[in-house]
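Survey of secondary and tertiary structure
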Amino acid sequence: MKDAVFIFSEDQLSYSFSDTHPFNQKRIVLTLDLLKKTGAIQNADIVTPRIATDEELLLAHDPAYIEIVKKAGRGELQENEGILYGIGTEDTPIFPNMHDASAYLVGGTLTAVDEVMEGRAKHALNLGGGLHHGFKGKASGFCVYNDSSVAIEYIRKKYGVRVLYIDTDAHHGDGVQWSFYDEPDICTFSIHETGRYLFPGTGAVTERGNGGGYGTSFNFPIDAFTEDESFLSIYKTAFKEVTEYFKPDVILTQNGADAHYFDPLTHLYGTMNLYREIPRFAKEMADQYCEGRWIAVGGGGYDIWRVVPRAWAHIWFAMKQLPTPIGPLPASWLSKWQEEAPVPFIPTWEDPTPLYEPIPRKAEITEKNAQMLERALHLIRNESKK
Ligand SMILES: [Zn+2]
């Protein structure tokens, strides 16, 4: 069995709203090239994804919605016909072939699932996935089809096991949460900037699931300006307690890289230390509780030059158990892309220190986050005391 496989094909790049839209899959090319030039990945590590079938998309989406996406991609949608479905909006504009492009991203996550669940690899990475805002019958927040929702339902049906979904994107993983809100055998976990001022507005600690699924939805909304230490402390404590409580068979992580200080869309103050630690801890949990079964997908990340390639490369380093890279990035990578990049690169794996001015409210934010954690976990903490 391989340690890890990297799911990629050029087809994943066809998911492109426009040249000026913040969601830009060039991030994947930049990351893969960085890994190649670091010598961390070989061609034999790369697995070509398949496209998701309609039958598979129907695991998490309404037939009427899929038809609208197909029509939109063929240019056949009447004016405003897609608006009810979130298609043709400012966030999710129509682009040619949007159905196939979106189905490829889902297929990538399904390919990753089969690699892991059929025992060909312990871990699998599909950076093209992570479209966590996609709803059953509606596009939202740059996401058309929700690859994680489809993949989790696919795992449940095909392999009959318990799935823990861990979402560290700066935005709440709403689409995946609502897909499984009533479902006791699927656990969703999202740590994100509080929805008070940030899209999509949901993700309060009180969203704990419904009916039989009550107690299998976990939310950790952290304050704007939260830094690495507090983020990681919440993430690690909660991840471990939820894993011990829920006892998953497989872990799927969504690895949005938009909690970084440079990210233009959010207000968290993460640095590269965060992106080094997140996947290493996920691997530890998967190895300890799930015989290694871990599928990772991408997600948000809107500073595609300075942040995302370095951040996402760390997932691969963790999967392959390679030492943490330190010091300068490969000169050949920097010189290849610098001309195209609108900002000067950070030329090292680490961020410069300090990256930003000290946050005066640091202690207050840390305390507030700690109190939130207590509320978010109080049900399972009480349960374990019984
Ligand atoms: Zn995000």
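Structural notes, computed from the coordinates. Just so it is clear, the structure is predicted and the values come from calculations on it, not from any experiment.

About the thresholds
- Residues numbered from 1 in each chain as written.
- Predicted model: local features only at pLDDT ≥ 70, side-chain atom pairs only at ≥ 80, totals over all residues.
- Heavy atoms only, no water.
- Axes fitted to C-alpha atoms, helices over the stretch in contact; angles between N-to-C directions.
- Helix = DSSP H or I, 4+ residues; strand = E, 2+ residues; numbered from the N terminus.
- Parallel < 35°, antiparallel > 145°, perpendicular 65-115°, else oblique.
- Contact = heavy atoms within 4.5 Å.
- Nonpolar A, V, L, I, M, F, W, Y, C, P; charged D, E, K, R; others polar.
- Core = buried A, V, L, I, M, F, W, Y, C linked by side-chain atoms within 4.5 Å.
- Buried < 20%, exposed > 50% of the residue type's maximum accessible area, 1.4 Å probe, protein only.
- 1 Å grid on protein atoms, 1.4 Å probe; cavity = no way out; pocket = protein on both sides within 12 Å on 5 of 7 lines; lining within 4 Å.
- Points joined across faces, edges and corners; volume = space filled by probe spheres on them.
- Pairing = 2+ DSSP bridges.
- Donors = N, O, S within 2.8 Å, 3.2 Å for Na, K, Ca; no water.
- Disulfide = S-S within 2.5 Å.

Quick look at the packing of helix α7 (residues 228-246) against helix α8 (residues 272-289) now. For the pair α7 and α8, interaxial distance at closest approach is 11 Å and the crossing angle is 10°. With respect to their mutual orientation, α7 and α8 come out roughly parallel. Within the contact between the two elements, α7 uses Asp228, Phe231, Leu232, Tyr235, Lys236, Phe239, Lys240, Thr243 and Glu244 and α8 uses Asn273, Leu274, Glu277, Ile278, Phe281, Ala282, Met285, Gln288 and Tyr289. Grouping the amino acids of the contact of α7 with α8 by side-chain chemistry returns ten nonpolar, three polar and five charged.

For the rest of this paragraph, the subject is the nonpolar core. If you look at the biggest cluster of nonpolar residues, it comprises 75 residues, and the most contacted ones within it are Phe220, Tyr235 and Phe239. For Tyr235, the contacting residues outside a window of four places in its chain are Ile166, Thr168, Phe189, Ile191, Ile278, Phe281 and Ala282. Counting residues in each nonpolar core, the second largest holds 51 residues, with Phe95, Val113, Val161 and Val163 among its members.

What follows is about the layout of surface pockets. What the largest pocket holds in volume is close to 380 Å³. If you trace the largest pocket, you find 19 residues lining it, with Thr194, Arg196, Pro221, Asp223 and Lys368 closest to the centre. Those elements that place two or more of their residues in the lining of the largest pocket are β6 (217-222) and α11 (362-385). For the lining of the largest pocket, the leading source of residues is α11, giving four residues.

As a further point, take the sheet that holds β6. Taken in spatial order, the eight strands make up an open sheet running β2-β1-β3-β8-β7-β4-β5-β6, and their pairing is parallel. With partners counted over all chains shown, the strands left at the sheet margins are β2 (46-47) and β6, one partner each. Across six bridges, strand β5 (residues 186-193) lies against β6 in parallel orientation. Along β6, the bridge assignment pairs His192 with Pro221. Sitting on the sheet, helix α4 (residues 98-117) is in contact with β1 (2-7), β2, β3 (121-126), β7 (250-254) and β8 (294-297), with an inclination near 170° to β3.

On to the coordination of the zinc ion, then. The zinc ion binds to the protein through Asp169 (OD), His171 (ND1) and Asp258 (OD), with metal-donor distances spanning 1.9 to 2.1 Å. Positions of the donor residues of the zinc ion along the chain correspond to the pattern D-x1-H-x86-D. Here Asp169 is found in the loop between β4 (163-167) and α6 (174-179), whereas its partner Asp258 is found in the loop between β7 and α8, with 89 residues between them in sequence. Judged by relative accessible area, Asp169 falls into the buried class, the value being 0%.

Tallied over the entire structure, the rule returns two cavities of 30 Å³ or more. What the largest cavity holds in volume is close to 50 Å³. Forming the boundary of the largest cavity are Thr168, Asn255, Gly256, Tyr275, Ile278, Pro279, Ala311, Trp312 and Ile315. Elements with a minimum of two residues in the lining of the largest cavity: α8 and α9 (308-319). For the lining of the largest cavity, a count of residues per class yields six nonpolar, three polar and no charged. Taken as a whole, the second largest cavity encloses approximately 30 Å³ of empty space. Tyr165, His172, Gly173, Gln177, Thr188, Phe189, Ser190, Phe218 and Asn219 together form the lining of the second largest cavity. Secondary-structure elements contributing two or more residues to the lining of the second largest cavity are β5 and β6. The dominant element in the lining of the second largest cavity, judged by the number of residues it contributes, is β5, at three residues. Its residues placed into classes, the lining of the second largest cavity shows three nonpolar, six polar and no charged.

Turning next to the state of the cysteines. Counted according to the given criterion, the structure contains zero disulfides. Sulfur of Cys187: no disulfide; nearest cysteine sulfur belongs to Cys290 and is 11 Å away.

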